[in-house]
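# Report on the structure
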Amino acid sequence: MWDGFEYLYGRSTSARLDPIECGRETEDPDNDGLPNYLEFLGHDGVANTNDWTDPTDSDTDDDTMPDGWEYTYGLNARDPDDANRDADSDGLINLSEYLAGTNPRMTDTDADGLSDAEEVITYLSDPLDPDTDGDGLLDGREVWDKDLDGVYDGGFFPEWAGGDLDNDGFID
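Here is a short report on the structure shown in this document. Small disclaimer: the values here were computed from a predicted structure and weren't measured. (Residues numbered from 1 in each chain as written. Predicted model: local features only at pLDDT ≥ 70, side-chain atom pairs only at ≥ 80, totals over all residues. Heavy atoms only, no water.)

Of note, Asp90 is situated in the loop between α3 (67-72) and α4 (94-100). Buried within the structure, Asp90 lacks any salt-bridge partner; Arg105 is the closest side chain of opposite charge, at an N-O distance of 11 Å. At 2.9 Å, the side chain of Asp90 forms a polar contact with the backbone nitrogen of Leu92. Excluding residues within four positions of it along the chain, Asp90 makes contact with Glu97, Met106, Thr107, Ser115, Asp116 and Ala117. (Helix = DSSP H or I, 4+ residues; strand = E, 2+ residues; numbered from the N terminus. Buried < 20%, exposed > 50% of the residue type's maximum accessible area, 1.4 Å probe, protein only. Lys, Arg positive; Asp, Glu negative; His and termini not counted. Salt bridge = Lys/Arg side-chain N within 4 Å of Asp/Glu carboxyl O. Polar contact = N/O pair within 3.5 Å; in protein donor to acceptor, adjacent residues only side chain to side chain. Contact = heavy atoms within 4.5 Å.)

Next up on the list: the packing of aromatic side chains. Counted according to the given criterion, the structure contains three aromatic pairs. Residues Phe40 and Trp52 carry aromatic rings whose centres are separated by 6.1 Å and whose planes lie at 40° to one another, so their mutual orientation is tilted. One end of the pair, Phe40, is in helix α2 (residues 36-41); the other, Trp52, is in the loop between α2 and α3, with twelve residues separating them in the sequence. The buried category is assigned to Phe40, whose relative accessible area is 3%. A relative accessible area of 11% places Trp52 in the buried class. On the basis of an interplanar angle of 55° and a centroid distance of 4.9 Å, the ring pair of Trp69 and Tyr73 is categorised as tilted. Taking the relative accessible area as the measure of exposure, Trp69 reaches 14% and is therefore buried. Connected via pairs of aromatic rings, a cluster forms that spans Trp69, Tyr73 and Tyr98. (Phe/Tyr/Trp six-rings, centres within 6.5 Å; stacked < 30°, edge-to-face > 60°.)

Here the phi dihedral of Asn31 falls at roughly 55°; this positive angle occurs in a residue that is not glycine. Backbone geometry at Ala111 places phi at a positive 55°, although glycine is not the residue there. Along the chain, Ala111 turns up in the loop between α4 and α5 (116-123).

Structural measurements only, silent on function.
Structure (structure tokens):
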């Protein structure tokens, strides 16, 4: 890491970096999932001075999404506007994907035939569990496509509105 980065986040900060010593590149003082070395490289993975993230602040751009999460999914931890974008065009903005625990680069994180937005907003099913109610039917098959051919056929429960139509004690 360059001395300027180590000086900026030096001994007086929680990162405790020192331009003279080495050995703290793998530490993560802000617990955002991004070690000092990746905070130094920034979102483009290139050593330059215009995209460092702050190793003492878990959310450099203050958009509620941790730097490490943004880095993992190819977002920019220095751009607060990316929280309001929809990287996979599924209807959930990136911040909502973070809060739901879904992948902002996949329209259907659990591959059950429903987009993450449909699960979170419309059907209130679990976007991380392909069979939310555990009845053996994928959520997508239950509500809109019996044979998962991508053509709407009403599903097994065409009148589904978040209730328990099969009376199994779980929301369908």
